[in-house]
Amino acid sequence: MKLVLSMAAVSLAVLLPAAALAAGPQQGRLTGTIGLGVEAFGGGDLHGGARGRAASLQALNPALPAVPADLNIEAREYGDVYDAPPALTAELAYGLSDQIELVGAVSYSTADEGRVQVGSAFVPALNATLPVFGQFGELSTLAVEAGARFYPGGEGAIRPFVGARAGFVRQDSVNATFTIPDAPAGGITLRNVPFFDETTMLTAGLEGGVAVAFGEAISGGVSVTARYIGEADGNDSAIGGLGLASINDGTERWTFPVQARLSIRF
């Protein structure tokens, strides 16, 4: 009997701290969270496809003959050009109850410049089709969002959650460099071509994840978000004369931030 009571006392001493742990919101309390991860690119074209014409190769490289070239640009998605960038998020949440919290968040990500073949150029005078490459500058975004998060069930040390948020994304301007390296006389290079102007876009997303309590006020977890980002402002001041003004129109996209989270309840 004494052995049973002793085991029960030990078990109770072990279980009580665990029972006291509670992940998720508490009514009337604030929670600050830092999230770090990557923001993978889903669907959405960085640029569309179009056919244009360079009236004279000499205008693109004075060493080339004054002959025309037909341009065939193919659509490329964001994920074709950019690797998934690191993303950092800072959140402040207010608990309306032990199941619902209001959330305000600021997120930042920067994708390094990327290079891809964007199409081809056919030069009738040379009877040759040459590959055209594009190198696109860094893609930096700053998002400000607000929303709500719901934790089903009662309190516990491990709790799943779902949420929704909406807001604005500020994207820095993006320039591109286009090259036809196989063209004669050293090839053709168009440097620092304006492609996107600095733009503020609408964003909205749905998220899901799990919160795990490490202590009375500290918890961790993971989250995955499906985020829609609206259309960036294309700049066709340099490519419009080639008949390619439409390729950077309608550049909406989806991204999928995946982050590890660390939260402190105040």
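We now turn to the structure provided with this report. Keep in mind that this is a model prediction, so the values were computed, not measured.

Once that is clear, we can look at the overall build of the protein chain. In terms of regular secondary structure, the protein chain is built from three helices and 16 strands. For the protein chain, the C-alpha radius of gyration of 26 Å lies well beyond 18 Å, the compact-globule estimate for 266 residues. If one aligns the C-alpha atoms of the protein chain with their principal axes, the spans along those axes are about 100 × 35 × 20 Å. For the protein chain, buried positions account for 44% of its 266 residues. Sequence separation of 24 or more characterises 72% of the internal contacts of the protein chain that already satisfy a separation of 6 or more. Summed over its atoms, the accessible surface of the protein chain is roughly 12,900 Å², and 62% of this surface lies on carbon and sulfur atoms. A distance of 8 Å separates the average location of the 15 positive side-chain charges in the protein chain from that of its 26 negative side-chain charges.

Our focus in this paragraph is the nonpolar core. In this structure, Y82, F136, F178, F195 and L244 are the most contacted members of the largest nonpolar core, which totals 40 residues. Elements represented by at least two residues in this core include exactly β3 (50-54), β4 (69-73), α3 (78-81), β8 (114-123), β9 (128-136), β10 (139-150), β12 (174-180) and β13 (188-196). For Y82, the residues in contact, after removing those within four places along its chain, are F41, L46, A111, D112, E113, G114, F136, G137, L139 and V174. Core analysis: the next-biggest nonpolar cluster, separate from the first, contains five residues, A23, Y151, F161 and A211 among them.

Scanning the model with the defined rule gives eight aromatic pairs in all. On the numbers, 6.0 Å between centres and 90° between planes, the contact of F136 with F178 is edge-to-face. In this pair, F136 is assigned in strand β9 and F178 in strand β12, connecting sequence segments 42 residues apart. Take F136 and F178: they sit in the same class, and that class is buried. For the pair F178 and F195, a centre-to-centre distance of 6.4 Å together with 55° between the ring planes defines the contact as tilted. Of the two residues, F178 is situated in strand β12 and F195 in strand β13; the sequence distance between them amounts to 17 residues. By the burial criterion, F178 is buried, and F195 matches it. Here a set of aromatic residues connected by ring pairs shows up, and it is made of F136, F178, F195 and F196. When the ring centre of F161 is taken as reference, the NZ or CZ atom of R149 above it lies at 5.2 Å.

The topology assignment puts S140 in strand β10. With 40 residues separating them in the primary sequence, S140 and I180 have C-alpha atoms 27 Å apart. Apart from the residues within four sequence positions on either side, S140 is in contact with Y108, S109, T110, R170, Q171 and D172.

Read across the sheet, six strands follow the order β3-β4-β8-β9-β12-β13 without closing on themselves; strand pairing throughout is antiparallel. The outermost strands of the open sheet, each flanked by one partner alone, are β3 and β13. The sheet shows a mean angle of 25° between the axes of neighbouring strands, taken without regard to direction. As paired elements, β4 and β8 share four bridges and run antiparallel to each other.

This part takes up the side chain of R165. Turning to its location among the elements, R165 is positioned in strand β11 (residues 158-171). Side chain to side chain, R165 and E207 meet in a polar contact 3.5 Å long. The contacts of R165, once residues within four sequence positions are left out, are E91, V103, A105, E145, A146, G147, R149, A204, G205 and E207.

The next thing to look at is the pairing of β10. By the bridge criterion, 12 bridges tie strand β7 (residues 100-111) to β10 in an arrangement that is antiparallel. Within β10, the position partnered with A111 by the bridge is L139. Pairing analysis gives 10 bridges linking β10 to β11, with the strands arranged antiparallel. Across the sheet, the residue bridging to A148 is A164, located in β11.

By secondary structure assignment, the location of P85 is in the loop between α3 and β6 (86-95). When the C-alpha positions of P85 and R159 are compared, they lie 28 Å apart, and in sequence the two are 74 residues distant.

Cut-offs and rules
- Residues numbered from 1 in each chain as written.
- Predicted model: local features only at pLDDT ≥ 70, side-chain atom pairs only at ≥ 80, totals over all residues.
- Heavy atoms only, no water.
- Helix = DSSP H or I, 4+ residues; strand = E, 2+ residues; numbered from the N terminus.
- Rg over C-alpha atoms; globule rule 2.2 N^0.38 Å.
- Buried < 20%, exposed > 50% of the residue type's maximum accessible area, 1.4 Å probe, protein only.
- Contact = heavy atoms within 4.5 Å.
- Areas by Shrake-Rupley, 256 points an atom, 1.4 Å probe, with all protein chains shown as cover.
- Lys, Arg positive; Asp, Glu negative; His and termini not counted.
- Charge placed at Lys NZ, Arg CZ, Asp CG, Glu CD.
- Core = buried A, V, L, I, M, F, W, Y, C linked by side-chain atoms within 4.5 Å.
- Phe/Tyr/Trp six-rings, centres within 6.5 Å; stacked < 30°, edge-to-face > 60°.
- Lys NZ or Arg CZ within 6 Å of the ring centre and 35° of its normal.
- Pairing = 2+ DSSP bridges.
- Axes fitted to C-alpha atoms, helices over the stretch in contact; angles between N-to-C directions.
- Polar contact = N/O pair within 3.5 Å; in protein donor to acceptor, adjacent residues only side chain to side chain.

Everything listed here is a matter of geometry and, on its own, says nothing about what the molecule does.
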